[in-house]
Amino acid sequence: MRFILSFKEKREMLCKPKRVPIELTRLIFRQQQRQLSSKSSRHSRRTDGRDRDDSYTGKRKQNPEAHDLYLYKSKGQHILTNPRVLDKIVITSSIKTTDTVLEIGPGTGNLTLRLLDAAKEVVAVEIDTRMVEILNKRVAEHGFQDKLNVIRKDALRTEFPQFDLVVANIPYGISSPLVTKLVYGMNPFRSATLLLQKEFARRLLAKPGDSEFNRLAVNVKLVAEVEFVMDVSKRDFLPCPKVDSSVVIIRPKADIPDVNLQEWSAFTRTCFNKKNRTLGAILKQKKKVLELLRLSKMTGSRTETADNGCEYFECSSDSDDSEEGESDEGRLCSSSSSEIEVGLFKEKVIEVLNSEGFDKKRPSKLSNEELLQLLSSFNQAGIYFHDQAKSKNAKNVAFAATDSS
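What counts, and where the lines are drawn
Residues numbered from 1 in each chain as written. Predicted model: local features only at pLDDT ≥ 70, side-chain atom pairs only at ≥ 80, totals over all residues. Heavy atoms only, no water. Core = buried A, V, L, I, M, F, W, Y, C linked by side-chain atoms within 4.5 Å. Buried < 20%, exposed > 50% of the residue type's maximum accessible area, 1.4 Å probe, protein only. Helix = DSSP H or I, 4+ residues; strand = E, 2+ residues; numbered from the N terminus. Contact = heavy atoms within 4.5 Å. Phe/Tyr/Trp six-rings, centres within 6.5 Å; stacked < 30°, edge-to-face > 60°. Lys NZ or Arg CZ within 6 Å of the ring centre and 35° of its normal. Polar contact = N/O pair within 3.5 Å; in protein donor to acceptor, adjacent residues only side chain to side chain. Axes fitted to C-alpha atoms, helices over the stretch in contact; angles between N-to-C directions. Parallel < 35°, antiparallel > 145°, perpendicular 65-115°, else oblique. Left-handed = near helix turned anticlockwise from the far one by under 90°. Nonpolar A, V, L, I, M, F, W, Y, C, P; charged D, E, K, R; others polar.

Colleague: What's the story with the nonpolar core in this structure? I'm lost.
Modeller: Soluble, globular proteins show a tendency: their nonpolar side chains are buried together. If you look at the biggest cluster of nonpolar residues, it comprises 61 residues, and the most contacted ones within it are L102, F160, L194, I250 and F378. By residue number, the principal contributor to this core is helix α8 (residues 215-223), which donates six residues. With residues up to four places along the chain from it excluded, the contact list for I250 reads V179, V183, F189, S191, A192, L194, L204, A224, E225 and V226. In terms of nonpolar packing, the next biggest core, distinct from the first, is built from 25 residues, I89, V101, A119 and L135 among them.

Colleague: Explain the packing of aromatic side chains to me, please; I cannot follow it from the model alone.
Modeller: Geometrically, a pair of aromatic rings is defined through the distance of the ring centres and the angle of the planes. Following the criterion strictly, the structure yields six aromatic pairs and no others. When the ring of F160 is compared with that of F163, the centres are 6.4 Å apart and the planes differ by 75°; the resulting orientation is edge-to-face. A relative accessible area of 11% means that F160 is categorised as buried. Given a relative accessible area of 5%, F163 falls into the buried group. Arranged with centres 5.0 Å apart and planes meeting at 70°, the rings of F267 and F385 form a pair that is edge-to-face. With F267 in helix α9 (residues 261-272) and F385 in the loop between α15 (368-380) and α16 (388-393), the pair connects residues that are 118 residues apart, well separated along the chain. Pair check on accessibility: F267 and F385 agree, each one buried. An aromatic cluster of three or more residues is present, and its members are W264, F267, F378 and F385. Just above the ring of F160 sits the side chain of K181; from NZ or CZ to the centre is 4.3 Å. Here the basic side chain of K361 rests over the ring of F358, its NZ or CZ set 5.0 Å away from the ring centre.

Colleague: Would you explain the side chain of S246 in this entry?
Modeller: Its location among the elements puts S246 in strand β9 (residues 245-252). At a separation of 2.7 Å, a polar atom in the side chain of S246 contacts the side chain of D231. Residues within four places of S246 in sequence aside, it is in contact with L194, L195, L196, Q197, K198, A201, F228, M230, D231 and V232.

Colleague: Explain the environment of T108 to me, please; I cannot follow it from the model alone.
Modeller: By secondary structure assignment, the location of T108 is in the loop between β2 (100-104) and α4 (110-118). Separated by 30 residues in the primary sequence, T108 and R138 place their C-alpha atoms 8.1 Å from one another.

Colleague: It is not clear to me how the packing of helix α7 (residues 198-205) against α8 should be interpreted in this structure. Could you clarify?
Modeller: The relative placement of two packed helices comes down to the angle between their axes together with the axis-to-axis distance. As a packed pair, α7 and α8 sit with axes 7 Å apart at the nearest point and diverge in direction by 60°. The pairing of α7 with α8 is recorded here as oblique in orientation. Once α7 is placed against α8, the crossing between them reads as right-handed. Here F200, R203, L204 and L205 of α7 lie close against α8, whose contacting residues are L216, A217, V220 and K221. Its residues assigned to classes, the contact of α7 with α8 comprises six nonpolar, no polar and two charged.

What follows is the structure in structure tokens.
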């Protein structure tokens, strides 16, 4: 006899929920409990007073060298752990047995030990006392303590002793001012092998016409050559940063152009504040014309202005878009400059631009040679971008080579 189900019975069987085995039910329950426990734990760590500082990594990083240290990403504390990369950096640096090597931010000494093995002396600049203690301990274990000189200071605020080479894993947050301090510093050196954030390295290596070309590259390449060595994965660091890194070599030039470096700094700041505009659009603005006129008058008649008791303040080209700055500049210059005088000076600026064919050109596409040529033409015409009297009294050239565009 054949058993036939009615339509109603079939529908009830299809819609009836299947029973889940009791073992699977218990497993699902335990997983849910663990997930809830994990979320609760993360929430408690976020609300902990110590973790309210956004510089804290939120996780205790441990490795044999760091001795269970807390490492702070905001301070650039990313320890390079890949031995292949460390060896490559030392080999690329071409260290001689008579060299004194400057290392900035040695951390726990992974790179330092290799440098000590190759060089006569290593000067390590480290601001973190915890790192210094571990560094000294590791160096003593290898018998290199007589070759290491540790400076417990801020690298940006301390004067470096004499050195032959720089080999360092530069903290990301101070890359630009530190590179500027090295290439424009008073200490001559053969080369600097630096591990930098990849994006920053690309800006250093950029050429005219590249999207990354900027004031930083212009100012550094005025006095040095920059060479790419290799990329380094972010997985080679502890803790792991958000971006990859690159190794570059900076070699100071033997022959530096004969130019006032503070005048050059002010000129490049003006050009690269709006690097994709034409030079005509940048330099023919009323505010810029007034500023250049003021600087030119100060250079031409410094004694007269001093006798009159007038006090001038250098304008910051980084605030060209500030309406307040423009009104202050206008009040300052209009008191001593007539409209006719401003108009004649503007014509002089335009004449220099047109005579050299730079009126329609953009700073982002100009080489250093072209920029030097244009600056020389301006100065010969009596147009200056920096107070020349201040240049004569300056002991050190320490301008910021950051890209403000």
